[in-house]
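Inside the fold
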Amino acid sequence: MNGGPSGFYNAPVTKTFVIACALFTIFLGIQGRSSTLGLSYQDVFGKLHLWRFLASFITFSSTPELMFGLYLLYYFRVFERQIGSNKYSVFILFSVIISSLFEVLTLAFLKDPTLNILASGPYGLIFSSFVPFYFDIPVSTRFRIFGINFSDKSFIYLAGLQLLLSSLRRSVIPGMCGILAGSLYRLNILHIRRMKFPEFVTSFFSRLYGLYPGGSSPRSSSRNITGTAPSFVGRQVERNYPATLHASTTEPPEDSIATLVSMGFDRNSARIKKDSQVGR
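Per-chain numbering applies: the sequence of each chain, read as written, is numbered from 1 onward. With the structure being a predicted model, the display of local features is reserved for residues of pLDDT at least 70 and the display and counting of side-chain atom pairs for 80 or more, all residues being used for whole-chain, interface and lining totals. Side-chain measures here rest on the full set of heavy atoms in the structure, leaving out hydrogens and waters.

Here we look at the overall build of the protein
The helix count covers DSSP runs of H or I at least four residues long, the strand count covers runs of E at least two residues long, and both are numbered beginning at the N terminus. A tally of helices and strands in the protein yields 14 helices and two strands. Burial classification: accessible surface area is computed with a 1.4 Å probe over protein chains only, and a residue below 20% of its type maximum counts as buried, one above 50% as exposed, and the rest as partly exposed. Here the protein holds 280 residues, and the buried ones make up 44% of them. The contact criterion used throughout is that any non-hydrogen atoms of two residues lie within 4.5 Å. For the protein, contacts bridging at least 24 residues in sequence account for 78% of all contacts bridging at least 6. Accessible areas in this description were obtained via Shrake-Rupley with a 1.4 Å probe; residue shielding takes into account the shown protein chains only. Within the structure as shown, the protein displays about 15,000 Å² of accessible surface, and the carbon and sulfur contribution to it stands at 65%.

What to know about the packing of aromatic side chains
Stacked, tilted and edge-to-face are the three classes applied to pairs of Phe, Tyr and Trp rings, where Trp contributes its six-membered ring and a pair requires centres within 6.5 Å; stacked means planes under 30 degrees apart, edge-to-face means over 60, and tilted covers the rest. Counted by the stated rule, this structure contains 18 aromatic pairs. Aromatic side chains Tyr75 and Phe76 sit 5.8 Å apart centroid to centroid with 70° between the ring planes, which places their arrangement in the edge-to-face category. Like Tyr75, the residue Phe76 is buried in the burial classification. Ring geometry for Phe143 against Phe150: centres 6.0 Å apart, planes inclined by 15°, an arrangement best described as stacked. Since its relative accessible area comes to 27%, Phe143 is described here as partly exposed. One aromatic cluster in this structure is built from Tyr75, Phe76, Phe79, Tyr123, Phe127, Phe130, Phe133 and Tyr157.

Thoughts on the pattern of salt bridges
We count a salt bridge whenever a side-chain nitrogen from Lys or Arg sits within 4 Å of a carboxyl oxygen from Asp or Glu. One pass over the full model with this rule turns up one salt bridge. Among the ionic pairs, Arg186 bridges to Asp136, the shortest N-O distance being 2.9 Å. With Arg186 in helix H9 (residues 169-186) and Asp136 in helix H7 (residues 123-136), this pair connects stretches of sequence that are 50 residues apart. Given a relative accessible area of 29%, Arg186 falls into the partly exposed group.

A word on the environment of Pro5
For Pro5, the location among the structural elements is in the segment before helix H1 (12-30). Along the backbone, Pro5 and Val78 are 73 residues apart, and their C-alpha atoms lie at a distance of 9.2 Å.

Some points on the nonpolar core
If you look at the biggest cluster of nonpolar residues, it comprises 39 residues, and the most contacted ones within it are Leu70, Leu72, Leu73, Phe76, Ile126, Phe130 and Phe133. Those elements that provide at least two residues to this core are H1, helix H3 (51-58), helix H4 (63-75), helix H5 (77-83), helix H6 (85-110), H7, helix H8 (154-164) and H9. Sort the elements by how many residues they give to this core and H6 lands first, with seven residues. Apart from the residues lying within four places of it in its own chain, the contact partners of Leu70 are Val18, Cys21, Ala22 and Phe60. We call a set of buried residues a nonpolar core when its members are Ala, Val, Leu, Ile, Met, Phe, Trp, Tyr or Cys and they connect through side-chain atoms within 4.5 Å of each other. Counting five residues, the second-largest nonpolar core is a separate cluster that includes Leu39, Leu107, Leu118 and Ile173.

A closer look at the UniProt feature "transmembrane region" (unreviewed entry) in the protein
Taking the UniProt record as the reference, the feature "transmembrane region" (unreviewed entry) is found at residues 12-30, 50-76, 88-109 and 115-135. Across residues 88-109, the secondary structure splits into 100% helix and 0% strand, with the terminal C-alpha atoms separated by 31 Å. UniProt positions are given in the numbering used here, feature names are shortened, and annotations may be inferred rather than shown by experiment.

Some remarks on a nonpolar patch on the surface
A cluster of nonpolar side chains, contributed by Tyr71, Phe155, Leu158, Leu161 and Leu165, occupies part of the molecular surface with about 490 Å² of accessible area. Looking at which element gives the most residues to the nonpolar patch, the answer is H8, with three residues. Here Leu158 shows up in helix H8. Exposure above 30% relative accessible area and the lack of any salt bridge qualify a residue for a patch; like charges then connect within 9 Å, and the nonpolar side chains Val, Leu, Ile, Met, Phe, Trp and Tyr within 5 Å.

Structure, rendered in structure tokens:
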């Protein structure tokens, strides 16, 4: 399983989010406050500490959770490359709001004093991402260890399981709420998968990140990254555009080139790759 080009190429939203989580966790961890920022029934319904929603979403409770969480966030950057930064930002916002709502409803339903505080961190976003990971990322290799079958996706699942069980019930609840939020996004509730942020918002962040309409800067587009895009992208393009174009001189469809560009190819490499598929 190939996660695409290394680094945060064509994934500025993921890059910003990963850096923010790391900085906030380290800064608040030095102050000894990172383990007390999760949601609790008393804070939400008793003291109305609404600021905890933001703090608990972006700060991990401990160093092991930070390591596994950042690893999963970094891997799931593949979805930003697939659907684009605009729609991925909508996915983040939807996952955060819906998973937080489920967490609040769970706290209100349980009213469990022994459930002191939920684990903090972007559990909603991480476990929402496991839904498209399960359905959309194919298995590319399988192997056996001590007679047990594994696939290249098993390591991601194991990292997620470690994060889910890191604080027992405190982490299981936000993790399951994240899976529910990802399932609702998958079901396209209220046509959420079609929604985008307005043009003035995207143009502002495009200038902020130095992005260009093609999804990369001139300097970065000069790099040759052919062969590093995930294998499922090629399958998807071949499935969407079957062998109906046989002439090697036919211009590749623009939307197929855009698909490859969004997954990490520079535009010239994407055109060459698509031309080779057309010529087959």
